[in-house]
Amino acid sequence: MKQIGILNLQGAVSEHITMLNHMGNIHVSLVQHPQQLATLDGLIIPGGESTTISRLIKQNGLLTPIQQFAQQGKGILGTCAGLVLCGKATTHSEVELLNLMDICVERNGFGRQINSFETQLDIPNIGQHIPAVFIRAPYIAKAGENVQQLAFVDQHCIMAQQNNILVCAFHPELTNDNCIMQYFVDLC
Ligand code: GLN
């Protein structure tokens, strides 16, 4: 049984709980404070507002503990705003990032709320025709050589992995397809 935590500061938290509970054999918990990381195999940093989540990460003393969690090889999934926060640099924002992955992120790279869209992705080793919902989504503008770029939309990288860290610019928790979530849980 895998212990998966969801960073519960702001954003799409309940949708992740629902999906993980449906998958079974996973113990789900919510994380607001550093000590809640101790028993976890993996942590999800959800979508929302990266500026707000970043501020709350600092306020709750979670910045260094999440970095240490990642250094221990525990799994981290960052979706949308969570992807931004996992990066080492981003545009259009002053926020302090977690710097867990060697990527530079174009925040709101696909435009504003009105430019939100849904598409299907074929991702090697994960699945085909995977539904993906993009909401004010970022993309990865630059990735280091240790980063595996897993999927693209309009030639922009929108999903990547660096060892135990997985990020996607879209919201896998907003669909009924749990193959990306299962891939993450297997990584933890
Ligand atoms: N554009 C948002 C941000 O950068 C992310 C949007 C989302 O998570 N759906 O904070």
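Residues numbered from 1 in each chain as written. Predicted model: local features only at pLDDT ≥ 70, side-chain atom pairs only at ≥ 80, totals over all residues. Heavy atoms only, no water.

**A few points about the side chain of T175**
We apply this condition: Only DSSP runs of H or I with at least four residues qualify as helices, and only runs of E with at least two residues qualify as strands; both kinds are numbered from the N terminus onward. Here a polar contact means two N or O atoms within 3.5 Å. Within protein one must be a hydrogen donor candidate and the other an acceptor candidate, and residues neighboring in sequence count only if both atoms are side-chain atoms. Between two residues, a contact is recorded if the distance between any of their heavy atoms is within 4.5 Å.
Inspection of the secondary structure assignment puts T175 in the loop between strand 12 (165-168) and helix 5 (179-187). Polar side-chain contacts of T175 include one of 3.2 Å to the backbone oxygen of P172. Engagement of the side chain of T175 in a polar contact is seen with the backbone nitrogen of D177, the distance being 3.2 Å. Among residues more than four places away in sequence, those in contact with T175 are M19, P131 and V133.

**Topic: the pattern of salt bridges**
For clarity, the threshold we go by: Salt bridges are counted wherever a side-chain nitrogen of Lys or Arg sits within 4 Å of a carboxyl oxygen of Asp or Glu. A simple rule labels every residue: compare its accessible area, found with a 1.4 Å probe on the protein chains alone, to the largest value its type can have, and call it buried under 20%, exposed over 50%, or partly exposed in between.
Going through the model one piece at a time under the given rule, you end up with four salt bridges. E49 is the salt-bridge partner of R107, the closest N and O atoms lying 2.8 Å from each other. Taken together, the residues R107 in the loop between strand 6 (103-106) and strand 7 (117-123) and E49 in the loop between strand 3 (42-45) and helix 2 (50-59) connect sequence positions 58 residues apart. The salt bridge partner of R136 is E49, with a shortest N-O separation of 3.1 Å. A residue pair is termed long-range when its members are at least 10 positions apart, and R136 in the loop between strand 8 (127-134) and strand 9 (139-143) and E49 in the loop between strand 3 and helix 2 qualify at 87 residues. Accessibility expressed as a relative area gives 28% for R136, which makes it partly exposed. Through salt bridges that share partners, E49, R107 and R136 make up one connected network.

**Details of the pairing of strand 2 (residues 26-31)**
The criterion, for reference: Paired strands, in this sense, are two strands between which DSSP finds at least two bridges. With strands facing away from the observer, any crossover in which the path from the first strand over the helix to the second runs clockwise is taken as right-handed.
Where strand 1 (residues 2-7) lies against strand 2, six bridges are found, and the strand directions are parallel. Residue pairing across strands places I6 opposite L30, the latter belonging to strand 2. Since strand 1 and strand 2 lie parallel, the crossover through helix 1 (residues 14-23) that links them has a hand, and here it is right-handed.

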